[in-house]
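# Chain and residue survey
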Amino acid sequence: VQLQASGGGLVQAGDSLRLSCAASGRTFSMYSMGWYRQAPGKQRELVAAITSGGSTYYADSVKGRFTISRDNAKNTVTLQLNSLKSEDTAVYYCAADRSLIGRSTRTIDYWGQGTLVTVSS
């Protein structure tokens, strides 16, 4: 599976962004998909994930503000970011594997390139 992320940018606090991740490969629907982020000097953290069955997970810090969705027909996963805060500033990465929740980032098989989200206050 190859992943291509897009959609980052510079926005003001309170604004919205939509991140997209396009995946290649016929087995996309079998994978859990997720969005991680890494701020300067911090570890990469799971922000949101969606299983092959459509169940979702959100980090507490983004619950109610971010929404993850997937379109298996188009091999895409999207992260809608609303009510952005300065602390959401980070490089965002999409990832795919059989399971993501509770998994060490070092063991995840597939990563997209990062896309930078900068939120100015």
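The structure contained in this document is the topic of the report that follows. (Residues numbered from 1 in each chain as written. Predicted model: local features only at pLDDT ≥ 70, side-chain atom pairs only at ≥ 80, totals over all residues. Heavy atoms only, no water.)

## Let's talk about the sheet that holds strand 1 (residues 3-6)
As a reminder of what qualifies: Strand pairing is assigned whenever DSSP detects at least two bridges linking the two strands. Each helix corresponds to a stretch of at least 4 residues labelled H or I by DSSP, and each strand to a stretch of at least 2 residues labelled E; elements are numbered beginning at the N terminus. Axes here refer to lines fitted to C-alpha atoms; in helices the fit is confined to the stretch in contact. Angles between the N-to-C directions go from 0 to 180 degrees.
Pairing is antiparallel in the open sheet, where 4 strands are placed in the order 1-3-8-7. On the outer flanks of this sheet lie strand 1 and strand 7 (66-71), each paired with one strand and no other. Strand-to-strand twist of the sheet, defined as the mean angle between neighbouring strand axes without regard to direction, takes the value 15°. Pairing of strand 1 with strand 3 (residues 17-23) involves 4 bridges; the strand directions are antiparallel. The residue of strand 3 that forms the bridge with Ser-6 is Ser-20.

## Re the pairing of strand 7
This is how the line gets drawn: Relative accessible area decides the class of each residue, using a 1.4 Å probe on protein chains only: under 20% of the type maximum gives buried, over 50% gives exposed, and in between gives partly exposed.
The alternating pattern of strand 7 places Phe-66, Ile-68 and Arg-70 on a buried face and Thr-67, Ser-69 and Asp-71 on a face that is not buried. Joining the antiparallel neighbours strand 7 and strand 8 (residues 76-81) is a turn of 4 residues, in which Asn-75 adopts a positive phi near 55°.

## Brief notes about unusual backbone geometry
The backbone phi angle of Asn-75 is positive, close to 55°, even though this residue is not glycine. Relative to the helices and strands, Asn-75 is located in the loop between strand 7 and strand 8. Phi is positive for Ser-83, which is not a glycine, with a value near 50°. Relative to the helices and strands, Ser-83 resides in the loop between strand 8 and strand 9 (90-97). Judged by relative accessible area, Ser-83 falls into the partly exposed class, the value being 40%.

## A few points about the side chain of Asp-97
Definition in use: Within 3.5 Å is the distance limit for a polar contact, defined as a pair of N or O atoms, with the added protein rule that one can donate a hydrogen and the other accept it, and that residues adjacent in sequence qualify only through two side-chain atoms. In this analysis, two residues are considered to be in contact whenever any of their non-hydrogen atoms come within 4.5 Å of each other.
The topology assignment puts Asp-97 in strand 9. Among the polar contacts made by the side chain of Asp-97, one reaches the main-chain amide nitrogen of Asp-109 at a distance of 2.7 Å. With residues near it in sequence (within four places) discarded, Asp-97 still touches Tyr-31, Ser-32, Arg-103, Thr-107, Ile-108 and Asp-109.

## Observations concerning the pattern of salt bridges
Definition in use: Should a side-chain nitrogen of Lys or Arg be within 4 Å of a carboxyl oxygen of Asp or Glu, the pair is scored as a salt bridge.
Tallied over the entire structure, the rule returns 5 salt bridges. Measuring nitrogen to oxygen at the nearest pair gives 2.9 Å for the salt bridge that ties Asp-88 to Arg-37. With a gap of 51 residues between them, Asp-88 in the loop between strand 8 and strand 9 and Arg-37 in strand 4 (residues 32-38) connect regions that are remote in the sequence. In terms of burial, Asp-88 and Arg-37 fall into one category: buried. Three or more residues are tied together by salt bridges with common partners; here these are Arg-37, Glu-45, Arg-65 and Asp-88.

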